[in-house]
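Report on the structure
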Amino acid sequence: RLPALPALLWLALAPLPGPAARAELRVRVRLPGGQVTEESLQADSGADCVSLELRAADGALVTLTADFRQEVKIFRALILGELERGQSQFQALCFVTRLHRNEIIPSESMAKLRQKNPRTVRQAEEVRGLEHLSMDVAVNFSKAAQLSSHIHNVCAEAREAIYTREEDVRFWLEKGLDGSMFEVLPQGSELPELQRCRLCQDRWKPCLCSYSLSIEWYPCMLKYCRSRDAAGRLSSYKCGIRSCQKGYTFHYFVPQKQLCLWDEEA
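Residues numbered from 1 in each chain as written. Predicted model: local features only at pLDDT ≥ 70, side-chain atom pairs only at ≥ 80, totals over all residues. Heavy atoms only, no water.

Let's talk about the sheet that holds strand β10 (residues 126–134)
The three strands are arranged β10-β15-β14 in an open sheet whose pairing can be described as mixed. Each end of this open sheet is capped by a strand with a single partner; those strands are β10 and β14 (207–228). Strand-to-strand twist across the sheet, computed as the mean angle between neighbouring axes with direction ignored, equals 20 degrees. Pairing between β10 and strand β15 (residues 234–254): seven bridges, direction parallel. The residue of β15 that forms the bridge with S134 is H251. (Pairing = 2+ DSSP bridges. Helix = DSSP H or I, 4+ residues; strand = E, 2+ residues; numbered from the N terminus. Axes fitted to C-alpha atoms, helices over the stretch in contact; angles between N-to-C directions.)

Have a look at this one:
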């Protein structure tokens, strides 16, 4: 007897319509504070990319785009501004890192996900460790299309705030990308007076900012079931997904603390 399948299935028998497919799935997800939010998962197997979007408990709109073709992950956060403190209605940030194999299920698998019960509130089966990333390089928006064509759309509001890491830049340069799109940012070791923004009293001084976000629920692995045919031979087939949660904290240089007002000492 086959085991019961999870409520969210990868339907191996559902063929893709045509050579490629685009699909969207909406999943209800519980946030750490107990609130329930709706997460949108989109897959485009033709472009070989997926994106996930959810609204965090603080109102920020968080998006993750995985470009499998270029081996690039793009995190975008649209953060509500503090109007009474001179900020605009929202502030946009983009963090671009290398996409490693098996971080998230492939785009063609994501395009076939279906739900038995769309009203179910989901929590990740696996919590992956918090990752601290030092984003020490700025990315030139006007030249970033060769890094990933998705940056133009995803990071349009954050064109002056697109960050990556020197170690990822080295990987992309080895693939032949133009190094002129990258600019190394000032480091704390070079500027001893550079403080963390949460310790900086002057809103107009440069400082080292930190921003944290979490992808609360995403399909991180495929599950396989086994069956036996009429001749008794065993075979395996894709029958579901494993869900994960992962948090990230990005550390990066800002020219003034005004651009990092959320990062203040409690």
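Re the pairing of β14
Pairing geometry for β14 and β15, over 19 bridges, is antiparallel. Across the sheet, residue Y211 finds its bridge partner in β15, namely F250. In this structure, the hairpin formed by β14 and β15 is closed by a connection of five residues, where G232 is found at a positive phi of approximately 90 degrees.

Structural notes on the confidence of the model for the protein
Mean pLDDT over the protein works out to 86, with 88% of the residues at or above the 70 mark. Here strand β1 (residues 8–10) stands out as the least confident element of the protein, with mean pLDDT 40; strand β12 (residues 162–164) is the most confident, with 98. In this model residues 1–19 is a low-confidence stretch, pLDDT under 50, and it forms 45 contacts with partners more than four residues away in sequence or in other chains. (pLDDT = per-residue confidence, 0-100. Contact = heavy atoms within 4.5 Å.)

Let's talk about the state of the cysteines
Evaluation of the coordinates by the stated rule reveals four disulfides. In this model C209 forms its disulfide with C260; the gap between the sulfur atoms is 2.0 Å. Every disulfide takes its handedness from the sign of the S-S torsion; for C209 and C260 that torsion is 85 degrees, giving right-handed. Residue C209 is found in strand β14, and its partner C260 is found in the segment after β15; the two are separated by 51 residues along the sequence. A single burial state applies to C209 and to C260, both of which are buried. Unpaired in this structure, C200 has its nearest cysteine sulfur neighbour in C207, at a distance of 5.0 Å. The class of C200 is buried, set by a relative accessible area of 2%. (Disulfide = S-S within 2.5 Å. Buried < 20%, exposed > 50% of the residue type's maximum accessible area, 1.4 Å probe, protein only.)

Digging into unusual backbone geometry
Excluding glycine, a negative phi dihedral is what most residues carry, and trans is how most peptide bonds are arranged. A positive phi angle is found at D48, which is not glycine, with a value near 55 degrees. The backbone of E71 sits at a positive phi, close to 60 degrees, despite the residue not being glycine.

With respect to the nonpolar core
With 50 residues, the main nonpolar core has F95, Y163, Y211, I215 and Y252 as its most contacted residues. Looking at this core, the elements with two or more residues in it are β2 (22–30), β3 (36–44), β4 (49–55), β5 (61–67), β6 (72–80), β7 (90–98), β14 and β15. The dominant element in this core, judged by the number of residues it contributes, is β14, at nine residues. Aside from chain neighbours lying at most four places away, what touches Y252 is L93, F95, M135, Y163, C207, L208, C209, Y211 and W262. I74, F141, A144 and I162 belong to the second-largest nonpolar core, a separate cluster that totals 23 residues. (Core = buried A, V, L, I, M, F, W, Y, C linked by side-chain atoms within 4.5 Å.)

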